[in-house]
Structures are given as structure tokens and as C-alpha cells.
Amino acid sequence: MNKGLIGTKVGMTQIFDANGNVVPVTVIIAGPCAVVQKKTNEKDGYEAVQLGYGDVKASRVNKPMKGHFAKLDVAPKKVLKEFRFDDCAAFNTGDILKADVFAAGDKVDVSGTSKGKGTAGVIKRWNMARLKETHGTGPVGRHGGSIGACSDPSRVFKGKKMSGHLGSEKVTIQNLDVVTVDAENNIIAIKGAIPGPKGGTVVITSAVKKA
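Residues numbered from 1 in each chain as written. Predicted model: local features only at pLDDT ≥ 70, side-chain atom pairs only at ≥ 80, totals over all residues. Heavy atoms only, no water.

### Some details on the side chain of Ser114
Moving on, step 1. Note on placement: Ser114 falls in the loop between β7 (107-113) and β8 (119-120).
Moving on, step 2. The contacts of Ser114, once residues within four sequence positions are left out, are Gly167, Ser168, Glu169, Val171 and Gly196. (Helix = DSSP H or I, 4+ residues; strand = E, 2+ residues; numbered from the N terminus. Contact = heavy atoms within 4.5 Å.)

Here it is, written out as C-alpha cells:
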């Protein structure tokens, strides 16, 4: 990984490319992100850079985090995230990373927390098929089927697809294209959809599996 930023999802829109084709894009406010801390092999056993995004009042930060920010002489940040860049030694505490670290045409991976949808049944959660809704099927048209035999193995296997909590989990979309970058306003437009609601926090990194 040689690039990374934390940002906020604004929403989706569409723009026209040089050939007049409509391109659906997601607009992200990416940065500015401050280098809060550097992890080193000598002290921490690995190399990484901790970035902070979004200013927050000191009264909103607990005592351990206040000490963390005060020790490094950095303003309190709302979101902290570590990035294992290829060249962590090139960064210094207090450096500011903005949207211009990316450029149009870059391939990126975008991670975010998907929309939470509460408790969902097997049809919505796992795309299972319905039962027949005629001929005496009864009020179980959207229920799950058998979940296992009773005497052997006398239990339900782990990972069985059943109803339960849907969404609100980390999702990463790989190999998305950066369509345009507005460095002055820290805005990045990425082709396609990304996980999470409007206003959700996302992490943009250089693609690890370039197509």
C-alpha cells in the first residue's frame, strides 16, 4: 500500500467523460488527514502510520485519548486509522495528507460500514426462495426450511444460514476507478457505489489486487 486516506461519503451523482458518456460516481470528502503517530519496528514491532480525520472538541475525548494526542502535540481527531504504507519513514508527525495524494485514473479499494437493516429473514438476508403460497402451505411462505436432522448430529452446524442481524458490518469494494480529484476542496469522485450511508466514514487505499 502506498496511498491511503480517511473520508466521508457525500452521496452519488453522475458526470460526463470526455466522450460524452454518463459515469455514475460516488463523491467523497477525503481528508485532510493528519499524521498522528508513527509506529516503528524498534518500538512497536512493525511499521505503520496512524492518520487522524475530523476535528473534535477536547471535551468529547476521553482521558487516555487526550494523553495520546497531547503527547504527540496533535489536535484531537474523531477517527484514527493505521496504514501500513510502503515507505512509512517518509512521513512525520503533524504532516497533512489531502485528496491530491490520489489522481484521476488510480485504482483504489474503498472500505466502509454497510447500512444496518436490523433483524431480517432468510429471504432478505440470504436470497432464499419462497415456498408455494397455495395448496395448504400455510403461513410459512417466507420461512426457512429444515436446519438439520434431530438425532444425528443433534445440533445445528455453525454458519447455518438463518434469520438474524443484517448489515452494519465492514465491507470493502475493490478495484474502483478514481474519476476526478478536486484538490482544493478535498473531493474525490470514484466510479460506482461504495458501502455505507450518506455521511458515513470510509477508508480509501490504493488497490491491492489491480485488475
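### Examining the sheet that holds strand β5 (residues 77-83)
Moving on, step 1. Pairing is antiparallel across the open sheet formed by four strands, whose spatial order is β5-β4-β3-β6. Edge positions in the sheet fall to β5 and β6 (96-97), since each has one partner strand and no second.
Moving on, step 2. With six bridges joining them, strand β3 (residues 33-39) and strand β4 (residues 48-55) adopt antiparallel strand pairing. Note that in β4 the partner of Gln37 across the bridge is Gln50.
Moving on, step 3. Contacting β3, β4 and β5, helix α2 (residues 63-72) runs over the sheet at an angle of about 90 degrees to β3. (Pairing = 2+ DSSP bridges. Axes fitted to C-alpha atoms, helices over the stretch in contact; angles between N-to-C directions.)

### Details of a negative patch on the surface
Moving on, step 1. A contiguous patch of negative charge on the surface is contributed by Glu42, Glu47, Asp86 and Asp87.
Moving on, step 2. For Glu42, the location among the structural elements is in helix α1 (residues 41-44). (Patch = residues over 30% accessible without salt bridge, like charges linked within 9 Å, V, L, I, M, F, W, Y side chains within 5 Å. Areas by Shrake-Rupley, 256 points an atom, 1.4 Å probe, with all protein chains shown as cover. Salt bridge = Lys/Arg side-chain N within 4 Å of Asp/Glu carboxyl O. Lys, Arg positive; Asp, Glu negative; His and termini not counted. Charge placed at Lys NZ, Arg CZ, Asp CG, Glu CD.)

### Observations concerning the packing of aromatic side chains
Moving on, step 1. According to the stated counting rule, one finds two aromatic pairs in the structure shown.
Moving on, step 2. An angle of 5 degrees between the planes, with centres 5.5 Å apart, marks the rings of Phe83 and Phe85 as stacked.
Moving on, step 3. On the basis of relative accessibility, which here comes to 1%, the residue Phe83 falls in the buried class.
Moving on, step 4. Among the residues examined, Phe85 registers a relative accessible area of 6% and is labelled buried.
Moving on, step 5. A centroid spacing of 5.0 Å and a plane angle of 25 degrees characterise the contact between Phe85 and Phe91, whose relative ring orientation is stacked.
Moving on, step 6. Look at Phe91 and you get buried, because its relative accessible area is 16%.
Moving on, step 7. What links up through ring pairs into an aromatic cluster is the set Phe83, Phe85 and Phe91. (Phe/Tyr/Trp six-rings, centres within 6.5 Å; stacked < 30°, edge-to-face > 60°. Buried < 20%, exposed > 50% of the residue type's maximum accessible area, 1.4 Å probe, protein only.)

### Considering the nonpolar core
Moving on, step 1. By size, the foremost hydrophobic cluster in this structure holds 26 residues, and its most contacted members are Leu51, Val108, Val110, Ile188, Ile190 and Ile204.
Moving on, step 2. The set of elements that each furnish at least two residues to this core consists of β1 (4-16), β2 (22-30), β3, β4, β7, β10 (170-182), β11 (187-191) and β12 (201-206). (Core = buried A, V, L, I, M, F, W, Y, C linked by side-chain atoms within 4.5 Å.)

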